[in-house]
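Summary of the model geometry
The chain contents come next:
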Amino acid sequence: MPESETAKQSEGFSELSRAVSTFVGEELVINFGPQHPSMHGVLRLIVKSEGEIVSEITPVIGYLHRGMEKIAERLNYHQFMPYTDRIDYLASMNCNFAYAATVEKLAGIEIPKRAEYIRVIMAELNRIASHLVFFGTAGLESGAWTPIVYAFREREYIVDLFDMTCGQRLTYNYFRIGGVADDLPKGFMEKARAFCDYFEPKIKEYNELLSYNEIFIKRTANVAVLPPETAVKYSVTGPNLRASGVKWDLRKNEPYSIYPEIDFDIPVSSGEKGMVGDTWNRYIIRMREMEESVKIIRQCLDKIPEGDYLTKVPRLFKAPPGEVYCRFENPRGELGFYLISDGGKSPYRLKIRTPSFAHLWVLPEISTGGMISDLIVAFGSLDLVVPEIDR
Amino acid sequence: MIKYFKQIITELWSILKGMKITIKYFFAKPTTVQYPEERIQMTERFRGMVKADTDKCISCLYCVNICPVSCIDLEGEKSDAPAKVMNKEGKAMKRIKTVTKFDVNIAQCIQCGFCAEGCPTAAIYLSKEHENSALSREELIKHYAK
Ligand code: SF4
Ligand code: SF4
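Description of the structure in this document. Just so you know, these numbers come straight off a predicted model, no measurement behind them. (Residues numbered from 1 in each chain as written. Chains lettered and ligands numbered in written order. Predicted model: local features only at pLDDT ≥ 70, side-chain atom pairs only at ≥ 80, totals over all residues. Heavy atoms only, no water.)

**A short note on the site of ligand 2**
Around ligand 2, the structure places 14 residues, and the nearest of them are B:Cys57, B:Cys60, B:Leu61, B:Cys63 and B:Cys119. The residue makeup of the shell around ligand 2, split by class, is 12 nonpolar, 2 polar and no charged. (Near = heavy atom within 4 Å. Nonpolar A, V, L, I, M, F, W, Y, C, P; charged D, E, K, R; others polar.)

Below is the structure:
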């Protein structure tokens, strides 16, 4: 190479590096969302970055606000049930469960034992379905396209079970105040058992496919670590909290329904592949929870008694004046209903405490200082559902 | 250096392990159906589009009041010759009113099934129909009154 050309080239390089350094010095503002392929729903993140490093994240919420709490005040107690489906559309059964049980507690309604079992079976099936979506999207976010196909294949079996029980595939509206809308259909028990047998080996397959894949571990271990103190400070609950090593599950700590009669474990992460509370731990905890859910469903199917499935509650029943707060372990964390009644036929005030809302605010805490590509992985690992944030 | 190659080998090995699973399913029977050529049967309890049989309706307005989104518009008129209809339990009921207007806005309906659940004569029901897209909003308001 002639000397003049080398000189020219080196000059070009220095020019480039100068441009890069001015670029790095400048902050770049990126808008993630509201419509973005890696956003689960309509949420906007204003991300300030220096090069590849995230320096500030500001979540902007409210795009899916439907004013549910206000709507509750104009409907009677029964009529609000379909709205709870839409709080967290990935776990409608669990939201139904929480609302129905809250109203029952306020009004002092006893529900039949069979209904309790049906409720828990449905809630746990829905927990698996919800975690399967998480598993699929966790793959997508780290660049693996296969898991989501398998996740939805398995989820379809659960959705079929729901479809035969209540006639819908997404917004079930199956629970009623006083029990459930209809008895289990013929053939449900066999199908549910067959699903458990089919699904258990699949979890092992997932572990081989994604969980213990070296590249996936490299991509997620030690990324976006959420220390237990921060988690508690931000009222993080559910699997995200347990991934940070805090053993807190309302099904065990504040048992409701028939959970005390059932034998199951609460998986807590111990920092197997990286630090406690990292993205990989948040992922694996859900895989283990699915195993536990299968265990719960099996026991419920064995123990379910015969009998009524619904205590009749009048259509325009009036709850006695008073207030009650009930919280429940949803797939994403603690879902709470704070219900105040003034003795009328609709709630005086219904406050809904959703887990995703609390989880969103730890995202800036755990992702600033990391890479932009890690932000997406961390965001996915928190398992946020946007309608739940906004209500 | 050895560590570096070791890492590559373990990573390749875990990819191969994943590949084994994907290849297994690659040769398995597909689990999807080719809609719309192939269709799956709707379940017995499937909640599709709301329909009404106005001959059975006694204009009790139960459905109108229970509907959470108020998408049913119903008007009845006192009839001179009360007809007899069967209720859900198979008992005969007098139909004093005839329906003159029975509109359901299926764009608003959330297919919760409350109306059908409480209708004394099963006049309003949720059909198996689920392909209800239309080109205008007017088409989405279904008129069931005769
Ligand atoms: S299914 Fe629900 S929303 Fe639709 S008309 Fe009946 S009560 Fe109203
Ligand atoms: S509930 Fe049934 S009978 Fe009563 S008004 Fe509605 S459709 Fe008619």
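**Some points on the packing of helix 12 (residues 279–303) of chain A against helix 15 (residues 372–381) of chain A**
All names here are of chain A. Relative to each other, helix 12 and helix 15 sit at 30°, their axes nearing to 9 Å. On the basis of their axis angle, the class for helix 12 and helix 15 is roughly parallel. Here helix 12 and helix 15 pass one another in a crossing that is left-handed. Between helix 12 and helix 15, the residues in contact are Thr279, Arg282 and Arg286 and Val377, Ala378 and Ser381, respectively. Classifying every residue of the contact of helix 12 with helix 15 gives 2 nonpolar, 2 polar and 2 charged. (Axes fitted to C-alpha atoms, helices over the stretch in contact; angles between N-to-C directions. Helix = DSSP H or I, 4+ residues; strand = E, 2+ residues; numbered from the N terminus. Parallel < 35°, antiparallel > 145°, perpendicular 65-115°, else oblique. Left-handed = near helix turned anticlockwise from the far one by under 90°. Contact = heavy atoms within 4.5 Å.)

**A word on the site of ligand 1**
In the vicinity of ligand 1, the residues found are B:Val50, B:Cys67, B:Pro68, B:Val69, B:Cys71, B:Ile72, B:Cys109, B:Ile110, B:Gln111, B:Cys112, B:Gly113 and B:Cys115. For the shell around ligand 1, the per-class residue count stands at 10 nonpolar, 2 polar and no charged.

**What to know about the sheet that holds strand 3 (residues 53–60) of chain A**
All names here are of chain A. Spatial ordering of the open sheet is given by 1-2-3, a layout of 3 strands whose pairing is antiparallel. The open sheet has two edge strands, strand 1 (28–32) and strand 3, and neither has a second partner. Taking the axes of each pair of neighbouring strands and ignoring which way they run, one obtains an average angle of 20° across the sheet. Sheet strands in contact with helix 15 are strand 1, strand 2 (44–50) and strand 3, and its direction is about 30° off that of strand 1. (Pairing = 2+ DSSP bridges.)

**Overview of the packing of aromatic side chains**
All names here are of chain A. Summed over the entire model, instances satisfying the criterion amount to 25 aromatic pairs over all chains. Look at Phe199 and Tyr206: their rings are 6.4 Å apart centre to centre, the planes differ by 65°, and that puts the pair in the edge-to-face class. Its relative accessible area of 0% is what places Phe199 among the buried residues. Since its relative accessible area comes to 1%, Tyr206 is described here as buried. Consider the rings of Tyr325 and Tyr338, whose centres lie 6.2 Å apart with planes at 55°: the pair is tilted. Here Tyr325 is found in strand 6 (residues 322–330), whereas its partner Tyr338 is found in strand 7 (residues 333–341), with 13 residues between them in sequence. With relative accessibility at 33%, the residue Tyr325 sits in the partly exposed group. Overall, Tyr338 belongs to the partly exposed group, its relative accessible area being 29%. Directly above the ring of Phe134 sits Arg286, whose terminal nitrogen or CZ lies 4.4 Å from the centroid. Here the guanidinium or amino end of Arg391 rests over the ring plane of Phe357, the centre of that ring lying 5.8 Å away. (Phe/Tyr/Trp six-rings, centres within 6.5 Å; stacked < 30°, edge-to-face > 60°. Buried < 20%, exposed > 50% of the residue type's maximum accessible area, 1.4 Å probe, protein only. Lys NZ or Arg CZ within 6 Å of the ring centre and 35° of its normal.)

**A look at unusual backbone geometry**
Cis geometry marks the peptide bond from B:Tyr35 to B:Pro36, where omega comes out at 0°. Take B:Pro36: it is sitting in the loop between helix 1 (2–26) and strand 1 (50–52). Non-glycine residue A:Asn173 carries a positive phi angle of around 50°. Topologically, A:Asn173 is positioned in the loop between helix 6 (146–166) and strand 4 (175–176).

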